[in-house]
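Analysis of the macromolecular model
Residue strings, one per chain:
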Amino acid sequence: MKLTVAKALEIPSVSECKVIGGKNGLSRPVDSVNSFDAPDVVSWLKPNELVLTTGYVFNSNPDLLLKLVDELAAKGCAGLGIKSETIPDSVIRLADSANLPLLRIPEQFSLADIMTPLLRELVARHKQNENFDKNTQLLSRIISGNPSDFEIFTQEAKSLGLSRNSGYMCILLKLFGHGGKIGRSQLLLHTEQTVCHLGIGNSICGWVHSDMILILENKNQINENQINAKAFRLSEELDEFILEQYPGIKHSIGIGNHHLGIDQITRSFSEASKAIHIGNCMETGKRMFSFKEMEAISLLQYSPPEVLEDYVFRCLSPLLVHDQTHNTELVRTLDVFLHSLLRPAETARALGIHRNTVHFRLNCIKDILENDLIESAYLFRLQLALYAMKLLGKT
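In what follows, the accompanying structure is described. No experiment lies behind these values; they were computed from the predicted model shown.

**Some remarks on the packing of aromatic side chains**
For any two aromatic rings, the description comes down to two numbers: the centre-to-centre distance and the angle of the planes. This structure, assessed with the given rule, holds zero aromatic pairs. Sitting over the face of the ring of Phe176, Lys250 holds its NZ or CZ atom 5.6 Å from the ring centroid.

Written as structure tokens, this is what we have:
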């Protein structure tokens, strides 16, 4: 994340400086900081450099300060910090017109008092960016799933503090449509803070294209149910944050299974990705999907489409034909009824219809299928056929 002049002014000591000109340029990035007392140093300065001076050399020649501000703006510098109580209005006007931030350094501060915390922040951000680049490389290899990359992947994972024999699970946030409008840095920061709050331990988080990938390390081998519960809570927090901060952004969150060994990270990521795909095919209206809950359904993906189509036809064709001929919703009613654990009142609420209507439709379904919908094995066949139909995209 780039340091801007505005962000620099939030750093202790630097925050004591007063912006007296060029306020519209506070979004300028700061890549480095420099100081001088001689007026002929402009050729040594770099773009995005925040320049500090005591201003002593300009006291007897204000025109030199005008020239300096003009040259700094032309050079693309981040701004000018000057330790002087009297700065000519002409200089302030020029800084305003050039959108070059002009900062007054308090008299009691030395240039080192301002420069030292700035340099410390720049170094910290540089290290953070290096880690971000390493995270991105590692996460890209996870997505590729390329076995030839495994040795490199292992070394990169170790360099980020991940242990070979820990337990791991992945969470995948996938954005759709206008996901580019989301504040990625803000989302990463919120996720990292939530990880710390939940006491999950070590984690790697980063963006690859429009996906945010989170690797959770279970270094202390805590109970699998506990780490699953924490992963689900983290996903809920992430979902709520997106809904609150970025309403209208369509997203899905997939949670992979917990596996032992660094070589299983890619597997957990693949499961998180499959959970999103299957969950969206199921059209449940949910945004969070756990592979653990969908593992049985995922087995259907290994069946050829023609096998699934034949199974759907054998189990549901009487209802499908009736719906198409009479413009009814018996298949949908059956689906919701099974998801509602065979409770007509819950089915009515989910469909937004009267309970008597549900009973009428269920009686129709029983008559058409010639089955009383009591035997568990038969209900399982119907549920499996409904899942297959959704995977085939025939809902």
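**A word on the environment of Leu320**
Assignment of secondary structure puts Leu320 in helix H10 (residues 305-326). Along the chain, Leu320 and Ala157 lie 163 residues apart, while their C-alpha atoms are 51 Å from each other. Not counting chain neighbours up to four residues away, the residues in contact with Leu320 comprise Val312, Val331 and Met389.

**Considerations on the nonpolar core**
Looking at soluble globular proteins, one finds that nonpolar side chains tend to be buried together. Counting residues in hydrophobic clusters, the biggest one holds 53 residues, and the most contacted among them are Leu316, Leu334 and Leu373. For this core, the element with the most residues is helix H14 (residues 376-391), which contributes nine residues. The residues contacting Leu334, other than those within four sequence positions of it, are Leu316, Leu319, Ile365, Leu373, Leu382 and Leu386. Counting residues in hydrophobic clusters, the runner-up holds 26 residues, among them Leu173, Leu214, Leu216 and Leu238.

**Observations concerning helix H13 (residues 355-369)**
For H13, which comprises 15 residues, the first-to-last C-alpha distance of 21 Å matches the rise-based estimate of 21 Å (1.5 Å per residue) to within 8%. The complete set of buried residues in H13 reads Val358, Arg361, Leu362, Ile365 and Leu369. Seen from one end, H13 has its buried residues packed into an arc of 105°, which puts them on one side. For H13, exposure combined with an orientation more than 90 degrees from the buried face picks out Asn356, Phe360 and Asp367. Among the structural elements, H10, helix H11 (330-339), helix H12 (344-351) and H14 are those in contact with the buried residues of H13.

**Let's talk about the packing of H11 against H12**
At a minimum axis distance of 9 Å, the contact between H11 and H12 shows a crossing angle of 125°. With respect to each other, H11 and H12 are oriented oblique. Here H11 and H12 pass one another in a crossing that is right-handed. Two secondary-structure elements touch here, H11 through Arg332, Thr333, Val336 and Phe337 and H12 through Pro344, Thr347, Ala350 and Leu351. Looking at the contact of H11 with H12 residue by residue, the class counts come to five nonpolar, two polar and one charged.

**Concerning the state of the cysteines**
Applying the stated criterion across every chain yields a total of zero disulfides. Left without a disulfide partner, Cys281 is nearest to the cysteine sulfur of Cys315, which lies 19 Å away. Overall, the relative accessible area of 18% leaves Cys281 in the buried class. With no disulfide partner, Cys364 has as its closest neighbouring cysteine sulfur the one in Cys315, 20 Å distant. Under the relative-accessibility criterion, Cys364 is labelled partly exposed at 22%.

**With respect to the pairing of strand S9 (residues 250-255)**
Buried residues dominate S9, accounting for five of its six residues. By the bridge criterion, three bridges tie S9 to strand S11 (residues 288-290) in an arrangement that is parallel. The residue bridging Gly254 from the neighbouring strand is Phe289, located in S11.

**Topic: the environment of Asp310**
Structurally, Asp310 is set in helix H10. Exposure remark for Asp310: the relative accessible area of 41% places this residue in the partly exposed category.

**Details of H10**
Look at H10: only 27 Å from first C-alpha to last across 22 residues, short of the 32 Å you get at 1.5 Å a residue. Leu316 marks the point of greatest bend in H10, at about 75°, and the proline Pro318 comes within the next four residues. Every buried residue belonging to H10 is among Leu308, Tyr311, Val312, Cys315, Leu316, Ser317, Leu319 and Asp323, and all of these are buried. The inward-facing, buried residues of H10 contact H11, H13 and H14. Where H10 terminates, the next one or two residues include Asn327, which has phi positive at roughly 55°.

Conventions adopted
- Residues numbered from 1 in each chain as written.
- Predicted model: local features only at pLDDT ≥ 70, side-chain atom pairs only at ≥ 80, totals over all residues.
- Heavy atoms only, no water.
- Phe/Tyr/Trp six-rings, centres within 6.5 Å; stacked < 30°, edge-to-face > 60°.
- Lys NZ or Arg CZ within 6 Å of the ring centre and 35° of its normal.
- Helix = DSSP H or I, 4+ residues; strand = E, 2+ residues; numbered from the N terminus.
- Contact = heavy atoms within 4.5 Å.
- Core = buried A, V, L, I, M, F, W, Y, C linked by side-chain atoms within 4.5 Å.
- Buried < 20%, exposed > 50% of the residue type's maximum accessible area, 1.4 Å probe, protein only.
- Expected span 1.5 Å × (residues − 1).
- Arc of directions from axis to C-beta.
- Axes fitted to C-alpha atoms, helices over the stretch in contact; angles between N-to-C directions.
- Parallel < 35°, antiparallel > 145°, perpendicular 65-115°, else oblique.
- Left-handed = near helix turned anticlockwise from the far one by under 90°.
- Nonpolar A, V, L, I, M, F, W, Y, C, P; charged D, E, K, R; others polar.
- Disulfide = S-S within 2.5 Å.
- Pairing = 2+ DSSP bridges.
- Bend = angle between axes of the 7 residues up to and from the residue.

Purely geometric stuff here, so don't read any function into it on its own.
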